[in-house]
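Examining the three-dimensional arrangement
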Amino acid sequence: MKNLIVTLSFLLTLLSWDSSGQGIKPVRIGLFTDCQYCNCPESGKRNYKLSLVKLDSCVSLFNSMQLDGVFHLGDMIDHDVRSYDSVLPRFSKINAPLHLLLGNHDYMIKSRYKAGLLDRIGIKEEHYIVDLGTWRFIILNGDDLSFTAPQNKKQKQERQDMVNDQYSQLRMNGLPWNGGIGSEQMRWLEVKLNESERDLMKVVVMCHFPLFTKDNHNLFNNRELFHLISRYNCVKAYFNGHYHSGNYKVRDGIHLVNFKGMVDTEQNAFAVITLTNDSILIKGYGREPDRHLKIK
Ligand SMILES: [Zn+2]
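The rules behind each value
Residues numbered from 1 in each chain as written. Predicted model: local features only at pLDDT ≥ 70, side-chain atom pairs only at ≥ 80, totals over all residues. Heavy atoms only, no water. Buried < 20%, exposed > 50% of the residue type's maximum accessible area, 1.4 Å probe, protein only. Helix = DSSP H or I, 4+ residues; strand = E, 2+ residues; numbered from the N terminus. Pairing = 2+ DSSP bridges. Axes fitted to C-alpha atoms, helices over the stretch in contact; angles between N-to-C directions. Donors = N, O, S within 2.8 Å, 3.2 Å for Na, K, Ca; no water. Tetrahedral: all angles 85-135°; square planar, octahedral: opposite > 155°, others 65-115°. Contact = heavy atoms within 4.5 Å. Disulfide = S-S within 2.5 Å.

Let us now look at the pairing of strand 7 (residues 135-139). With respect to burial, strand 7 is a largely interior element, 5 of its 5 residues being buried. The alternating pattern of strand 7 places Trp135, Phe137 and Ile139 on one face and Arg136 and Ile138 on the opposite face, and all of these are buried. Across 5 bridges, the pairing between strand 6 (residues 128-132) and strand 7 is antiparallel. Across the sheet, Tyr128 pairs through a bridge with Ile139, a residue of strand 7. Count of turn residues in the strand 6/strand 7 antiparallel hairpin: 2 residues, of which Gly133 carries a positive phi of about 60 degrees.

Below, the discussion takes up the sheet that holds strand 10 (residues 202-206). Strand order in the open sheet formed by 6 strands is 6-7-10-11-13-12, and the pairing between neighbours is mixed. Strand pairing shows two members of the sheet lacking a second neighbour, strand 6 and strand 12 (247-251), which therefore form its edges. For this sheet, the mean inter-axis angle between neighbouring strands, taken without regard to orientation, is 15 degrees. Bridge count for strand 10 against strand 11 (residues 235-240) is 4 bridges, and the pairing is parallel.

Here we come to the coordination of the zinc ion. Coordination angles at a metal have ideal targets, namely 109.5 degrees for four tetrahedral donors and 90 or 180 degrees for six octahedral donors. The zinc ion binds to the protein through Asp75 (OD), Asn104 (OD1), His208 (NE2) and His242 (ND1); the donor distances cover 2.1 to 2.2 Å. Here the zinc ion binds 4 donor atoms, and the angle range of 92 to 163 degrees at the metal identifies the geometry as irregular. All donors to the zinc ion come from one chain, and their sequence spacing reads D-x28-N-x103-H-x33-H. Of this pair, Asp75 sits in the loop between strand 4 (69-72) and helix 3 (83-91) while His208 is found in the loop between strand 10 and helix 8 (222-229), placing the two residues 133 residues apart along the sequence. Like Asp75, the residue His208 is buried in the burial classification.

Our next topic: the sheet that holds strand 16 (residues 291-294). The 6 strands lie next to each other as 5-4-3-14-15-16, forming an open sheet whose pairing is mixed. Whereas interior strands pair on both sides, the edge strands pair on one side only; in this sheet they are strand 5 (98-100) and strand 16. Across the sheet, the axes of successive neighbouring strands diverge by a mean angle of 20 degrees, strand direction being ignored. On top of the sheet, helix 2 (residues 51-63) reaches strand 3 (27-32), strand 4, strand 14 (269-275) and strand 15 (279-286); it is set at about 20 degrees to strand 14, its chief contact.

Under the criterion given, the structure shown has 1 disulfide. Paired through a disulfide, Cys38 and Cys40 show a sulfur-sulfur distance of 1.7 Å. Residue Cys38 is classed as buried on the basis of its relative accessible area of 2%. Cys40 sits in the buried class, given a relative accessible area of 14%. No disulfide involves Cys58; its sulfur sits 8.6 Å from that of Cys35, the nearest cysteine. Between Cys234, a free cysteine, and Cys207, which holds the nearest cysteine sulfur, the sulfur-to-sulfur gap is 17 Å.

Next up on the list: the environment of Phe209. Checked against the element boundaries, Phe209 lands in the loop between strand 10 and helix 8. Sequence separation between Phe209 and Ala271 is 62 residues; the distance between their C-alpha atoms is 18 Å. Setting aside anything within four residues of it in sequence, one finds Phe209 in contact with Asn104, Gly142, Asp143, Trp177, Asn178, Gly179, Leu219, Tyr238, Asn240 and His242.

Next comes the structure, spelled out in structure tokens:
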């Protein structure tokens, strides 16, 4: 009897109900970040070569499930453009639609390859929307203002002004391995958040860079971005990578989940996430912990 009650309660958690009493199918996604493959020797905790085996195992697990989408939160390679030749064929084996965003290491390649990088990877837009059921995933380009990605004159000026302004406030985010969101993209985000609120969508914002984590790994304009997204009730969570040790905070009812980097240690790290009408249920694999997060 007790087992039956536990099973029923689990099924009810997975199957949310709207106010009309009709069941809403939960959304289920695969998520991994900082695969950061390179044919290079280990460095500190980073076991670059092992990322291929970890990736194969992650893809095989994802393909054993019915997923609505898979997201990689940036830094798929390191050091050498040829690393893409090992990673991309593995990414292409993922059955569910794959959505990519870029990190700082994705651009740590020789200058002559940078301009053609998006075509090589098959990314058409660097910031975009993915709608799955009643959930909207807003994908941000944290390399908009960057020390590694190509920058036009306007971006260079905006980056310099932002970083200088931060140093004058003793904020230390403007480091070469971080990135920022430019003013044009911020305006685009505000439009998308207004639309999401109007359309009664539940929003997860995704970006490579954390908002409030440790060790000076935050997005340049972390406070400004959080100030914007926290004005919207539709924003339920912010997912990121970049800081490989991972982190979790809840602030103003928004779950800030920093997923662990796949490249670190000999143990894998990735997640399968079920999003219901009232919860975000993270099933972690390897070093990634499970989390049951109630949404506001
Ligand atoms: Zn990174």
